[in-house]
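Overview (structure and organization)
Each chain, written out:
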Amino acid sequence: MNLTHRRGRDGLFFETMARKSNVTQATGQITQIWRFPIQSMGGERVAQAEITTAGLVGDRALALLDVETGKVASAKSVRLFPDLMACHARFEKEPARGEVLDGALPNVEITLPNGRTVDSLSAGANASLSAFFGRELRLISGAPDDFVVDQYHPDLPNLNPAGNRDVVVPQPLGSSLFRALGQEPPLGPHSLQDLFPLSVITSGTLSALRSAVQGSSITAERFRMNLLVEETAQGLPENQWVGRTGALGEAVIAFAMPAPRCVMTTRPTAGLSEDTRVLRAISETNRLDLLGIGAFPCAGIYAVAVQAGTIRQGDSLQLRG
């Protein structure tokens, strides 16, 4: 993975340096677009979205900060926040790019698992969320300088190079992780994204995992990616996209790295039940070396935008390079 960076209006972003080629390959069609207004909560499926160098406008725009620990609340921390993914967040009106840049987001309606709703802009939002989770929390619109979550590693083999099993470890995310690795981050310094601004998964990968986990509910919702691409290739086609670019709608994106998976793929969300077989199957099917650290179970691919623009459900993906 050979990355270079430049600075634009939305901050630092990366452009994958793929081999120049005029070859264009029609790969598939965008069948689902997902935006997650609040980190680790359930999101909303939208018909169209604007892609910028910071990702989908409004995606992972907010998060909850645990006041006691100073860490960002995450569904990766299944013991402290077992119900976080069961919460659902949606914007009351479409967020505009300028609003996101200025931190003036429209209201996000949060539906808790007990059916109660909380408005992100209400004066009592932090108190209501703190009461529900039993911890003092506050909504934030930018990652702290030290973006760290508590990540639970299930008691399964081959999930990470360190061999962590049935243990909680502090995990840097966002630009904090890349700084710790001595690499240039593909995100702005206060982005609440885990690793990269955009994420894509294909129907081929979902189909392969369904075959590997008979009887499990393998849907796009379980993987929390921004885009689902329907295509005819079998197996795990995204593995072959690293270093290539893709035109979709008005935007062009560069595919940067396979997406490592964690305990969140096993958690109940959007009507899906808990199922540890999903992560086990990913580990047995597709372990890949990432960032020179070691092998991780992967499903889907991360990307960055090299040309901003609007994308719509039904747009085709044209691979280049």
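In case you missed it, the structure is sitting above this.
Residues numbered from 1 in each chain as written. Predicted model: local features only at pLDDT ≥ 70, side-chain atom pairs only at ≥ 80, totals over all residues. Heavy atoms only, no water.

To continue, consider the overall build of the protein chain. Helices and strands together make up the secondary structure of the protein chain, namely 6 helices and 21 strands. Its C-alpha atoms give the protein chain a radius of gyration of 18 Å, within 12% of the compact-globule value 20 Å for 321 residues. With respect to the three principal axes, the spread of C-alpha positions in the protein chain is 55 × 45 × 40 Å. Per-residue burial over the protein chain gives 55% buried out of 321 residues. Of the contacts made within the protein chain by residues no fewer than 6 positions apart, 69% connect residues no fewer than 24 positions apart. For the protein chain, the accessible area works out to roughly 13,400 Å², and carbon and sulfur atoms hold 46% of it. (Helix = DSSP H or I, 4+ residues; strand = E, 2+ residues; numbered from the N terminus. Rg over C-alpha atoms; globule rule 2.2 N^0.38 Å. Buried < 20%, exposed > 50% of the residue type's maximum accessible area, 1.4 Å probe, protein only. Contact = heavy atoms within 4.5 Å. Areas by Shrake-Rupley, 256 points an atom, 1.4 Å probe, with all protein chains shown as cover.)

The next thing to look at is the sheet that holds strand β10 (residues 117-119). Read across the open sheet, the 3 strands follow the order β8-β9-β10; overall the sheet is antiparallel. Across the chains shown, the open sheet's two edge strands, defined by having one partner strand only, are β8 (88-91) and β10. Neighbour-to-neighbour, the strand axes of this sheet turn through a mean angle of 20°, independent of strand direction. Pairing of strand β9 (residues 108-111) with β10 involves 3 bridges; the strand directions are antiparallel. (Pairing = 2+ DSSP bridges. Axes fitted to C-alpha atoms, helices over the stretch in contact; angles between N-to-C directions.)

Another aspect to go through is the side chain of K76. Inspection of the secondary structure assignment puts K76 in the loop between β7 (63-66) and β8. Judged by relative accessible area, which is 7%, K76 ranks as buried.

The next thing to look at is the pairing of strand β17 (residues 251-260). Each regular strand displays side chains that alternate between the two surfaces of the sheet. With 9 of 10 residues buried, β17 lies mostly within the body of the structure. Linking strand β16 (residues 245-248) back to β17 in an antiparallel pair, the connection comprises 2 residues, with G249 at a positive phi of about 60°. Where β17 meets strand β19 (residues 294-307), 7 bridges bridge the pair, whose relative direction is antiparallel. Pairing of I253 across the sheet is with A305, part of β19.

Among the nonpolar cores identified, the biggest contains 27 residues, and L195, F196, L206, F223 and M257 are the most heavily contacted of them. Elements supplying a minimum of two residues to this core: α3 (174-180), α4 (203-212), α5 (220-223), β17, α6 (277-285) and β19. Here the element with the most residues in this core is β19; it accounts for 5 residues. A73, A89, L105 and A125 belong to the second-largest nonpolar core, a separate cluster that totals 25 residues. (Core = buried A, V, L, I, M, F, W, Y, C linked by side-chain atoms within 4.5 Å.)

It is worth spelling out the layout of surface pockets at this point. In this structure, the largest pocket spans a volume of roughly 790 Å³. Around the largest pocket, the lining comprises 43 residues; the ones closest to its centre are K76, Q151, L195, P260 and C262. Contributing elements (two or more residues each) for the lining of the largest pocket: β12 (148-153), β13 (167-172), β14 (198-202), α5, β17 and β19. A total of 3 residues in the lining of the largest pocket trace back to one element, the largest contributor, which is β12. (1 Å grid on protein atoms, 1.4 Å probe; cavity = no way out; pocket = protein on both sides within 12 Å on 5 of 7 lines; lining within 4 Å. Points joined across faces, edges and corners; volume = space filled by probe spheres on them.)

On the basis of which strands lie adjacent, the open sheet formed by 3 strands has the order β6-β5-β20 and antiparallel pairing. Where the open sheet ends on each side, the last strands, each with one partner, are β6 (55-56) and β20 (309-312). As defined by bridge partners, strand β5 (residues 48-52) adjoins β20 across 4 bridges and the pair is classed as antiparallel. Bridge assignment links Q48 to a residue of β20, and that residue is R312.

What follows covers the pairing of strand β3 (residues 24-35). For β3 and strand β21 (residues 316-320), the ladder comprises 5 bridges, and the chain directions are antiparallel. Of the residues in β21, the one forming a bridge with G28 is L317. Examined bridge by bridge, β3 and strand β15 (residues 227-231) share 5 bridges and lie antiparallel to one another. The partner of Q32 across the bridge, within β15, is L228. As paired strands, β3 and strand β4 (residues 44-46) are joined by 3 bridges and run antiparallel to one another. Following the sheet pairing, W34 is matched in β4 by R45.

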